[in-house]
Amino acid sequence: MFMGHDEPECVTCGHADYTHTQEMAPRTARASIVSAATRNVARYVGASEGLVHTLVHMRLVRKGARAIYAVTCPFCEGAMEESSLSGKRSEPREQRFRCRDGHRISIIPGRKGMPVWN
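About the thresholds
Residues numbered from 1 in each chain as written. Predicted model: local features only at pLDDT ≥ 70, side-chain atom pairs only at ≥ 80, totals over all residues. Heavy atoms only, no water. Phe/Tyr/Trp six-rings, centres within 6.5 Å; stacked < 30°, edge-to-face > 60°. Helix = DSSP H or I, 4+ residues; strand = E, 2+ residues; numbered from the N terminus. Buried < 20%, exposed > 50% of the residue type's maximum accessible area, 1.4 Å probe, protein only. Pairing = 2+ DSSP bridges.

**Student:** How would you explain the packing of aromatic side chains if you had to name every residue and give the values?
**Tutor:** Two measures describe an aromatic ring pair: the distance that separates the ring centres and the angle between the ring planes. Summed over the entire model, instances satisfying the criterion amount to 2 aromatic pairs. Ring centres of Phe75 and Trp117 lie 6.0 Å apart, and the angle between their planes is 80°; this geometry places the pair in the edge-to-face category. Placement of Phe75 in the loop between strand S5 (66-72) and strand S6 (79-83) and of Trp117 in strand S9 (residues 115-117) is noted, with a sequence separation of 42 residues between them. When its relative accessible area of 40% is taken as the criterion, Phe75 is described as partly exposed. These aromatic residues form a ring-pair network of at least three members: Tyr44, Phe75 and Trp117.

Following this line, the structure appears as structure tokens:
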């Protein structure tokens, strides 16, 4: 037997033992960063030594017909919105974000295609 959705199931025949069901925790309480396929973590790649171990947590969300990143600020834990800096050229595929407290970061694709920030 193995634990299926919320009851033990037999691996061989698929029989489910409904007499031993258990209450499932809410999805937010049981989801981890590994099990959530829409979550990403970006590592810092800038010049500041103090930010080397600082991670940015991102998740994909739907906005109209496209998927965008919902980014959490690495400094104040607030939500960030995508922005642009007028007068400055951005790198190809660079996305800039800003939180309400004024913190700014850029998300760019890393060497192996994983997102990184600076």
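From this point, the narrative continues.
**Student:** Describe the pairing of strand S8 (residues 104-109), with residues and values.
**Tutor:** Remember that side chains alternate between the two faces of the sheet whenever the strand is regular. Across 4 bridges, the pairing between strand S7 (residues 95-99) and S8 is antiparallel. For Phe97, the partnering residue across the bridge sits in S8 and is Ile105. In sequence, S7 turns back onto S8 through a hairpin of 4 residues, with Gly102 there showing a positive phi of about 95°. Pairing analysis gives 3 bridges linking S8 to S9, with the strands arranged antiparallel. Across the sheet, the residue bridging to Pro109 is Pro115, located in S9. Adjacent in sequence and paired antiparallel, S8 and S9 are bridged by 5 residues, among which Gly113 carries a positive phi angle near 90°.

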